[in-house]
Amino acid sequence: HNSGFIHAPLWLAVLDDLPALVAAAVEANEESALVGEFSQPAAEDYYKYFIGQDGRETVIAEQDGAFLGAILLAASWEYWTRPMGYICKIWVTKAGRRTRAARDLFAYADAWSVRNDCLALYVTSTAELNAKEQRLFENLLSRSGYSPVGQTFKKGV
């Protein structure tokens, strides 16, 4: 695989990983209740924004060459001397569920937030999944040490 090896089964994404990332985005889009027309060029641009840029990382979870999921991280220096950490996207494919992929990605995010001296690490659960998958994701967040700190509101436009 690419030279961004972190430790099995995690890899630091490079531009050659765009096809696998976009394929996962297609699956995520199909599973979500969010409404919108999928755009491959937009998906590619979104991932390019996180690959190889200061303060941002994309990490891929794989097993035996199979793409299991990815996490996109960003450090944001807003108005403090230390940044806030954000999990901008985490997605585990259907093939990656009930594996260690999500736990490994969250563990990576924890270590990344320490390396980047973040004040806190934020994540939302806004993929609009079906009730069962939403509940499983929220349980995963709780088991990973995240706690609710406020509501997310949405207004359709």
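In this text the structure is predicted, and so the values were computed from the model without any measurement.

Each helix and strand counted, the chain has four helices and six strands in total. Tracing the chain from N to C terminus, the helices and strands come up as β-β-α-α-β-β-β-α-β-α. Radius of gyration (C-alpha) of the chain: 15 Å, near the 15 Å computed for a compact globule of 157 residues. The dimensions of the chain, computed from C-alpha atoms along their principal axes, are 40 × 40 × 30 Å. Residues classed as buried in the chain amount to 40% of the 157 residues present. For the chain, the proportion of contacts with a sequence separation of at least 24, taken over those separated by at least 6, is 58%. Counting 15 positive and 19 negative side-chain charges, the chain places the centres of these two groups 8 Å from one another.

Moving on, we get to the confidence of the model for the chain. Residues of the chain with pLDDT of at least 70 account for 95%, and the chain-wide mean is 90. The secondary structure element of the chain with the lowest average pLDDT is strand S1 (residues 5-7), at 53, and the one with the highest is strand S6 (residues 121-122), at 96.

Turning our eyes to something else, we now look at the pattern of salt bridges. Once their charged atoms are close, side chains differing in charge can pair, the charge on each being opposite to the other. All chains considered together, the criterion is met by five salt bridges. Note that Glu 133 and Arg 97 form a salt bridge whose closest N and O atoms lie 3.7 Å from each other. Separated by 36 residues along the polypeptide, Glu 133 in helix H4 (residues 131-143) and Arg 97 in the loop between strand S5 (84-92) and helix H3 (101-115) bring together distant segments of the chain. In terms of burial, Glu 133 and Arg 97 fall into one category: buried. Salt bridges sharing common partners tie together Glu 31, Arg 97 and Glu 133.

Conventions adopted
- Residues numbered from 1 in each chain as written.
- Predicted model: local features only at pLDDT ≥ 70, side-chain atom pairs only at ≥ 80, totals over all residues.
- Heavy atoms only, no water.
- Helix = DSSP H or I, 4+ residues; strand = E, 2+ residues; numbered from the N terminus.
- Rg over C-alpha atoms; globule rule 2.2 N^0.38 Å.
- Buried < 20%, exposed > 50% of the residue type's maximum accessible area, 1.4 Å probe, protein only.
- Contact = heavy atoms within 4.5 Å.
- Lys, Arg positive; Asp, Glu negative; His and termini not counted.
- Charge placed at Lys NZ, Arg CZ, Asp CG, Glu CD.
- pLDDT = per-residue confidence, 0-100.
- Salt bridge = Lys/Arg side-chain N within 4 Å of Asp/Glu carboxyl O.

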